[in-house]
Amino acid sequence: MNFSRHRHTALLGLPALALLIAATGCSSADDGGSAVVPSPGAKVTGLCQNLDKVLPKKIDGLDRNDPEPRSALTAGWGSPAIILRCGVERPAKMSDQNALSGEVNGVGWLMEKQDDGSYRFTTSLRRAYVEVSVPKKWVQRDGSDPLVDLAAPIKKAIPEGIAD
């Protein structure tokens, strides 16, 4: 009789064990991470939704791997993820004459090297600000390689001009 009680206990433990294994199997260390979702006005949100529709499946050879929470205003590639956020606020350095900036395939960018060796790029002279954060792991030279693959979709979805 003792055997049957132990067997019953063991059987009750199996669903819990299966649930634990399933939950562990569903989580991944190779995820897109997390990103704060911007909250722009309706006009900019529409532009960002259009951008989301034309973003590439790969940038710089890295597969799309969107961050949590999922949003049409954010996207990611690789792990750790290169994160794109559309509809961000204008960076304070955007008006700084000494800020590093450049152009990649017709899209202007403000470039900010971060203390941890990563880079943050923000579009300039577009109707919505698009920010791209490149983790140190993916930085080659100045970190701008992913911008090459993002230039055409940004030009297609975000018209030139000054963001509101």
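Residues numbered from 1 in each chain as written. Predicted model: local features only at pLDDT ≥ 70, side-chain atom pairs only at ≥ 80, totals over all residues. Heavy atoms only, no water.

(A) Focus on the pattern of salt bridges. Taken as a whole and judged by the stated rule, the model has 6 salt bridges. Here Lys58 makes a salt bridge to Asp63, at a shortest N to O gap of 3.2 Å. When its relative accessible area of 47% is taken as the criterion, Lys58 is described as partly exposed. A salt bridge links Glu112 to Arg120; the nearest nitrogen and oxygen atoms lie 3.3 Å apart. On the basis of relative accessible area, Arg120 is assigned to the partly exposed category, the value being 26%. Taken together, the shared-partner salt bridges in this structure form one network comprising Asp52, Arg64 and Asp66. (Salt bridge = Lys/Arg side-chain N within 4 Å of Asp/Glu carboxyl O. Buried < 20%, exposed > 50% of the residue type's maximum accessible area, 1.4 Å probe, protein only.)

(B) View of helix H3 (residues 145–157). Largest kink in H3: about 40 degrees, centred on Ala151, with the proline Pro153 one to four residues after it. Listing the buried residues of H3 in full gives Asp145, Pro146, Leu147, Leu150, Ala151, Pro153, Ile154 and Ala157. (Bend = angle between axes of the 7 residues up to and from the residue. Helix = DSSP H or I, 4+ residues; strand = E, 2+ residues; numbered from the N terminus.)

(C) Fine view of the environment of Gln114. Tracing the backbone through its elements, the reader meets Gln114 in the loop between strand S6 (107–113) and strand S7 (119–124). Using a relative accessible area of 25% as the deciding quantity, one classes Gln114 as partly exposed. Filtering out sequence-adjacent residues up to four positions away, Gln114 remains in contact with Tyr119 and Arg120. (Contact = heavy atoms within 4.5 Å.)

(D) Looking closely at the nonpolar core. By size, the foremost hydrophobic cluster in this structure holds 29 residues, and its most contacted members are Leu51, Leu84 and Ile158. Breaking this core down by element, the ones donating at least two residues are helix H2 (42–54), strand S3 (74–77), strand S4 (82–86), S6, S7, strand S8 (130–134) and H3. At 5 residues, the largest contribution of residues to this core is made by H3. With near-sequence residues (within four places) excluded, Leu51 lies in contact with Leu84, Cys86, Val130, Pro153, Ile154, Ala157 and Ile158. (Core = buried A, V, L, I, M, F, W, Y, C linked by side-chain atoms within 4.5 Å.)

(E) The arrangement of the packing of aromatic side chains in detail. Tallied over the full model, the rule gives 2 aromatic pairs. Aromatic side chains Trp109 and Phe121 sit 6.4 Å apart centroid to centroid with 85 degrees between the ring planes, which places their arrangement in the edge-to-face category. Placement of Trp109 in strand S6 and of Phe121 in strand S7 is noted, with a sequence separation of 12 residues between them. Overall, Phe121 belongs to the buried group, its relative accessible area being 2%. For the ring pair Tyr119 and Phe121, a centre distance of 5.9 Å and an interplane angle of 15 degrees mean the geometry is stacked. Summarising the burial analysis for this pair, Tyr119 and Phe121 share the class buried. Ring-pair connections join several aromatic residues into one group, and the members of that group are Trp109, Tyr119 and Phe121. (Phe/Tyr/Trp six-rings, centres within 6.5 Å; stacked < 30°, edge-to-face > 60°.)

(F) Summary view of H2. Taking 1.5 Å of rise per residue, 13 residues should cover 18 Å, and H2 covers 19 Å from first to last C-alpha, within 8% of that figure. For H2, the complete set of buried residues consists of Val44, Thr45, Leu47, Cys48 and Leu51. Buried positions in H2, seen along its axis, are confined to an arc of 160 degrees and lie on one side of it. Residues Ala42, Lys43 and Lys53 are exposed on H2 and point more than 90 degrees away from its buried face. Contact partners of the buried residues in H2: S4, S8 and H3. (Expected span 1.5 Å × (residues − 1). Arc of directions from axis to C-beta.)

(G) Region of the structure containing the side chain of Asp66. Mapping Asp66 onto the fold places it in the loop between strand S2 (62–63) and S3. Polar side-chain contacts of Asp66 include one of 2.8 Å to the side chain of Arg64. (Polar contact = N/O pair within 3.5 Å; in protein donor to acceptor, adjacent residues only side chain to side chain.)

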